[in-house]
Amino acid sequence: MPQAERQTTSPDRTTVNINGQDYVVKGEAPEYIQMLAAYVDKRMRQVSQKFPNYPPVKVAVLAALNITDELYKVQQDYETLVKLIQEEKRG
């Protein structure tokens, strides 16, 4: 099975493979779950390539920090855009 490929085990559960491990995820949007799993898998593999001797838990934590950094930056950009829009409406 290709990495992060989906196997539906029931209508509301999706099995995904992330970094060589299978996880069953509950949710009603298998395609969305699959997309998220593929992204996490990609980020974990990037960390693994940089640090090939790190154990999986350490790889997962570093990938989580990288993803959280991305999220934080996007949230900051969003807040900046909202402020600009509000200022434009007032002006």
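Above this text you will find the structure in question.
## A few points about the nonpolar core
So, step 1. Formed by Val 16, Ile 18, Ile 33, Ala 37, Met 44, Val 47, Val 59 and Ala 63, the largest nonpolar core amounts to eight residues.
So, step 2. Secondary-structure elements contributing two or more residues to this core are β2 (13-18), α1 (30-50) and α2 (56-90).
So, step 3. Per element, the largest residue contribution to this core is four residues, and it comes from α1.

## Description of a nonpolar patch on the surface
So, step 1. Side chains of Tyr 32, Met 35 and Leu 36 sit close together on the surface and give an oily, nonpolar patch of about 320 Å² of accessible area.
So, step 2. Relative to the elements of secondary structure, Leu 36 occurs in helix α1.

## As for the packing of aromatic side chains
So, step 1. Under the counting rule described, the total for this entry stands at one aromatic pair.
So, step 2. For the ring pair Phe 51 and Tyr 54, a centre distance of 4.6 Å and an interplane angle of 10° mean the geometry is stacked.
So, step 3. When its relative accessible area of 36% is taken as the criterion, Phe 51 is described as partly exposed.
So, step 4. The ring of Tyr 54 is capped by Lys 58, whose NZ or CZ atom sits 4.7 Å from the centre of that ring.

Parameters at a glance
Residues numbered from 1 in each chain as written. Predicted model: local features only at pLDDT ≥ 70, side-chain atom pairs only at ≥ 80, totals over all residues. Heavy atoms only, no water. Core = buried A, V, L, I, M, F, W, Y, C linked by side-chain atoms within 4.5 Å. Buried < 20%, exposed > 50% of the residue type's maximum accessible area, 1.4 Å probe, protein only. Helix = DSSP H or I, 4+ residues; strand = E, 2+ residues; numbered from the N terminus. Patch = residues over 30% accessible without salt bridge, like charges linked within 9 Å, V, L, I, M, F, W, Y side chains within 5 Å. Areas by Shrake-Rupley, 256 points an atom, 1.4 Å probe, with all protein chains shown as cover. Salt bridge = Lys/Arg side-chain N within 4 Å of Asp/Glu carboxyl O. Phe/Tyr/Trp six-rings, centres within 6.5 Å; stacked < 30°, edge-to-face > 60°. Lys NZ or Arg CZ within 6 Å of the ring centre and 35° of its normal.

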